[in-house]
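Letter by letter, the chains look like this.
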Amino acid sequence: MKKFICARCGECCRWPGAVKLEDAEVDAIAETLGISVEKFLADHTRITPDRQHLSLCEKENGECEYLSTDSNGLPCCLIERAKPRQCREFPEKWNFPGWQSKCAGKFGDE
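Caption draft 1: Spatial organisation of the layout of surface pockets. Here the largest pocket is characterised by a volume of approximately 590 Å³. Taken together, 33 residues form the lining of the largest pocket, with C12, C13, K83, C87 and F90 sitting closest to its centre. In the lining of the largest pocket, the residues fall into 22 nonpolar, 4 polar and 7 charged. There is about 160 Å³ of room inside the second largest pocket. Along the walls of the second largest pocket sit K20, L21, E22, E25, H53, R85, Q86, E89, K93 and W94, which together make up its complete lining. When residues of the lining of the second largest pocket are traced back to their parent elements, those giving at least two are β2 (20-21) and α4 (85-88). Looking at the lining of the second largest pocket residue by residue, the class counts come to 2 nonpolar, 2 polar and 6 charged.

Shown next as structure tokens:
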């Protein structure tokens, strides 16, 4: 069985679109950020276009607001320890059209 090996390129975080949040993820992200759930909901989430879910907000350029760079200039997630399931399951259970041409990760043997 092939397992996806993430290259930490950050391209999946640069793709615009909804990152749907589950209830427990809201609590975990707020705790990770050191803010109240109410502040996180008000300042860092939006309703998805179908009005069915909450989503993380994006920067004006479409990338995730939690995409940053580490001290070596490499992409990193500011909420890594509370990363939403949708992000953790990329690309096996969630991906976007054309992701293979943008993503530096690959499938390899377990």
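Here the narrative resumes.
Caption draft 2: Looking closely at the environment of D50. Locating D50 in the fold gives a position in the loop between β3 (45-47) and β4 (54-56). D50 gets classed as partly exposed once you look at its relative accessible area, which sits at 41%. Within the structure, D50 has its side chain in polar contact with the side chain of T48 (distance 2.5 Å). There is a polar contact of 2.9 Å between the side chain of D50 and the backbone nitrogen of Q52.

Caption draft 3: How the structure looks around unusual backbone geometry. The peptide bond linking F90 to P91 adopts the cis configuration, its omega dihedral lying at -5 degrees. Counting through the fold element by element, P91 comes out in the loop between α4 and α5 (99-102). In this model, R8 sits at a positive phi of 60 degrees, which is unusual for a non-glycine residue. By the secondary structure assignment, R8 is in the loop between β1 (2-5) and α1 (11-14).

Caption draft 4: The arrangement of the sheet that holds β2 in detail. Judged by pairing direction, the sheet is antiparallel, and its 3 strands sit side by side in the order β2-β4-β3 without closing on themselves. Strands with a single pairing partner mark the edges of an open sheet, and in this sheet they are β2 and β3.

Criteria and cut-off values
Residues numbered from 1 in each chain as written. Predicted model: local features only at pLDDT ≥ 70, side-chain atom pairs only at ≥ 80, totals over all residues. Heavy atoms only, no water. 1 Å grid on protein atoms, 1.4 Å probe; cavity = no way out; pocket = protein on both sides within 12 Å on 5 of 7 lines; lining within 4 Å. Points joined across faces, edges and corners; volume = space filled by probe spheres on them. Nonpolar A, V, L, I, M, F, W, Y, C, P; charged D, E, K, R; others polar. Helix = DSSP H or I, 4+ residues; strand = E, 2+ residues; numbered from the N terminus. Buried < 20%, exposed > 50% of the residue type's maximum accessible area, 1.4 Å probe, protein only. Polar contact = N/O pair within 3.5 Å; in protein donor to acceptor, adjacent residues only side chain to side chain. Pairing = 2+ DSSP bridges.

Purely geometric numbers; function is a separate question.
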